[in-house]
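Descriptive structure summary
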Amino acid sequence: MKPEHLQPCACNGVIFGITGDLARRKLLGALYHLDKDQLLHADTRFLGLAHGALSLDDFRNLILNSLVQFVGGNLDQTVLRRLMQRFSYRSLEFADAQAYAALCDWFTEKPQPTLFYFATSAAVFGSICAGLAAAQLIAADSQVIMEKPIGDNLRSSQGVNDTVGSYFSERQIYRIDHYLGKETVLNLLVLRFANALFTSNWDYTCIDHVQITVAESVGIEDRWAFYDKAGQMRDMVQNHLLQILCLLAMEPPADLDAESIRSEKLKVLKALRPITRENLARNVVRGQYTEGFIKGKPVPGYHDEAGANRGSATETFVAIKAEIDNWRWSGVPFYLRTGKRLAVKHSEINIHFKAQPHNIFHDSYPVLPANKLTIRLQPDEGIELQMMNKVPGITEIGRIAKNRLDLSFSESFNTARIVDAYERLLFEAMQRNQSWFVSRDEVEQAWRWVDRILELWQENGEKPDTYPAGSWGPISSIALIARDEREWDG
Ligand code: BG6
């Protein structure tokens, strides 16, 4: 018997954009795994909505092909049959408010709370809400999940939030940042607040600086037009990197409830020191990849990708020295770095502790290395602590060496599979837990900080620094940290 909070709640799940990339790549696989793990209530059912007319057979083929492509060929046939039976498909012109009335029979067949998933561009969120309202399909117990990007600056994100907020209350809205569903990101809370060792050493007195790297080896794939309007700042920094920074820097929340966690994260965002015209060049680097090699294979530059506009100055790499103006983090820089077409897919956090004030082991190390805590977000999820130890042996009195305490999640927990972020977040939404979703205030505060940088870039009109695909970003990003006599962990 599962504990009560793990007993799945029944719902009518309605996915707008079921034939789109997100639904096919992530949502269907997540639902398959939830069903397999008995985390979908027997009465839970789904309605997939998209523009095109599809027969039930075509739709089932789409589900099957997506699962084979993104989950793998070895599917459990019983689970697959069960999942297929939960699904219906209807074609819908999202902008046609009158068309939504035709969906009503699906809802009345089995009245239960509805979870809407807007897996579409934010541009149609307003029309969808209007259509649902016109057909009286929004009830007090309905919920809505919204995908990022929510706007492309503060003003447009306020527009999206106002529009959706005029149909759903904040309590009903679940804004996804899928990094908050990753095991290793959630583990940051456990690491910090379940281990006295870190709780008490987690501030400016013990920590020298923090590095957050989210590196991807993929390029733009086939979404050049979308990506070129966004760039790495909007695509990754405004959301994923700032959320990681919040979890690392926030004060202990009173509880794990949504209000406690979100209000602590918001305080961090509010304390971020603004980037100004004067400090932009020192603190922010933007880059764009040129042709190069990834894993030995030649890859095109950003300007030569399919559909590219050769004059584009959109950044595919960002490095930032961020500072948090509060008591805990005074004088502790947080270096953030993220980019496409970097050498490997590799995301990690490095917490560099301060060096010992006096070195009595100078025979081994003229400069004693400081402790470093590495949190590997992906791949090979785990935690590593760099420590100094005595070299064994009678004659080795003063000799010490740098070793690592290495805790790999897959080895320690013997987990064959790390749960995908969407799986957890869909489950949490069905359980009506908003803790791992982003509040309106957080989204807007993050935009305030990021907007300033984007405006300054716009104002100075400079082109991004280039870097060859397969490298670790432009030279200027090395200079950004080297100016502080530090270097990126590699
Ligand atoms: C998405 C971005 O939010 O996150 C993509 O839009 C990026 O550009 C992706 O590739 C990275 O997610 P993950 O889970 O693969 O690190």
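Here, every reference points to the structure presented above.
The written sequence of each chain sets the order in which its residues are numbered from 1. Given that this is a predicted model, residues contribute local features only at a pLDDT of at least 70 and side-chain atom pairs are listed and counted only at 80 or more, while totals for whole chains, interfaces and linings are drawn from all residues. As a rule here, side-chain values cover all heavy atoms of the structure and leave hydrogens and water aside.

On to the sheet that holds strand β12 (residues 334-339), then. In this scheme, strands are said to pair when DSSP sees at least two bridges between them. Put simply, DSSP marks the helices as runs of H or I at least four residues long and the strands as runs of E at least two long, and each gets a number from the N terminus on. Strands sit in the order β16-β15-β14-β13-β7-β12-β11-β8-β17 across an open sheet of 9 strands; the sheet is mixed. Each of the sheet's edge strands pairs with one partner strand only, and the pair in question is β16 (400-408) and β17 (465-468). Strand-to-strand twist of the sheet, defined as the mean angle between neighbouring strand axes without regard to direction, takes the value 20 degrees. Pairing between strand β8 (residues 284-290) and strand β11 (residues 317-322): 4 bridges, direction antiparallel. Paired with Arg286 across the strands is Val318, a residue of β11. When checking whether two residues touch, look at their non-hydrogen atoms; a contact exists if any pair is within 4.5 Å. Every axis corresponds to a line fitted to the C-alpha atoms, with the helix fit spanning only the stretch in contact, and the corresponding angles, defined between N-to-C directions, vary from 0 to 180 degrees. Strands β13 (346-353), β14 (372-378) and β15 (382-390) of the sheet are contacted by helix α7 (residues 183-193), whose axis makes an angle of about 150 degrees with β14. Sitting on the sheet, helix α14 (residues 440-460) is in contact with β8 and β11, with an inclination near 120 degrees to β11.

Aromatic pairs are defined between Phe, Tyr and Trp rings, using the six-membered ring for Trp, whenever the two ring centres lie within 6.5 Å; interplanar angles under 30 degrees are classed as stacked, those over 60 as edge-to-face, and all others as tilted. Enumeration according to the criterion identifies 20 aromatic pairs in this entry. When the ring of Phe16 is compared with that of Phe94, the centres are 5.4 Å apart and the planes differ by 75 degrees; the resulting orientation is edge-to-face. A residue pair is termed long-range when its members are at least 10 positions apart, and Phe16 in strand β1 (residues 12-16) and Phe94 in the loop between β3 (87-91) and α4 (104-109) qualify at 78 residues. Given the relative accessible area of 4%, Phe94 is considered buried. Whether a residue is buried, partly exposed or exposed follows from its accessible area with a 1.4 Å probe, protein chains only, as a fraction of its type maximum: under 20%, in between, or over 50%, in that order.

So, about the environment of Asn195. Position of Asn195 among the secondary structure elements: in the loop between α7 and α8 (196-199). C-alpha separation for the pair Asn195 and Ile418, spaced 223 residues apart in sequence, amounts to 23 Å.

We call a residue near a molecule or strand whenever a single non-hydrogen atom of that residue lies within 4 Å of it. Every residue close to the ligand is listed here: Lys148, His178, Tyr179, Lys182, Glu216, Arg223, Asp235, Met236, His240, Lys340, Lys345 and Gln378. Between the ligand and His178 there is a distance of 2.8 Å, counted from an oxygen atom to a side-chain nitrogen or oxygen. Distance and chemistry together define a polar contact, namely a pair of N or O atoms within 3.5 Å, with one atom able to donate a hydrogen and the other to accept it when in protein, and with adjacent residues in sequence counting only for side-chain atoms on both sides. In the environment of the ligand, an oxygen atom lies 2.5 Å from a nitrogen or oxygen atom belonging to the side chain of Asp235. The protein chains shown are the only cover counted for residues, whose accessible areas, like all others here, come from Shrake-Rupley with a 1.4 Å probe. Protein burial of the ligand: of its 400 Å² of free accessible surface, 79% is covered by the chains.

What follows concerns the pairing of strand β5 (residues 143-146). Side chains Gln143 and Ile145 of β5 all project onto a buried face; the interleaved residues Val144 and Met146 project onto the opposite face, where all are buried too. Of the pairings in the sheet, the one linking strand β4 (residues 114-118) to β5 comprises 4 bridges and is parallel in character. Residue pairing for β5: Leu115 is matched across the bridge by Gln143. At this point the chain moves from β4, through helix α5 (residues 125-134), to the parallel β5, and the crossover so formed is right-handed. Here 3 bridges tie β5 to strand β6 (residues 173-175), and the two strands are oriented parallel to one another. From the neighbouring strand, Val144 faces β6, where its bridge partner is Ile173. By the criterion used throughout, a crossover qualifies as right-handed when its path from the first strand across the helix to the second strand runs clockwise, the strands pointing away from the viewer.

A word on unusual backbone geometry. Cis geometry is found at the peptide bond from Lys148 to Pro149, where omega equals 0 degrees. Here Pro149 shows up in the loop between β5 and α6 (154-165). Of note in the backbone geometry, Gln136 takes a positive phi value of approximately 55 degrees without being a glycine. Here Gln136 lies in the loop between α5 and β5.

Geometry of a packed helix pair, given as the angle between the helix axes and the separation of the axes. Their axes nearest at 10 Å, the elements helix α9 (residues 224-249) and α14 cross at an angle of 135 degrees. Compared by their axis directions, α9 and α14 come out oblique. You can see that α9 and α14 cross each other, and the crossing is right-handed. On the side of α9, the interface is formed by Met233, Arg234, Gln238, Leu242 and Gln243, while α14 contributes Glu442, Val443, Ala446, Trp447, Trp449, Val450, Ile453, Leu454 and Trp457. Classification convention: Asp, Glu, Lys, Arg as charged; Ala, Val, Leu, Ile, Met, Phe, Trp, Tyr, Cys, Pro as nonpolar; all other residues, Gly among them, as polar. Residues of the contact of α9 with α14, tallied by class, amount to 10 nonpolar, 2 polar and 2 charged. Oblique is the label for every angle not falling under 35 degrees (roughly parallel), over 145 degrees (roughly antiparallel), or within 65 to 115 degrees (roughly perpendicular). Two helices crossing with the near one rotated counterclockwise from the far one by less than a right angle form a left-handed crossing, whereas a clockwise rotation gives a right-handed crossing.

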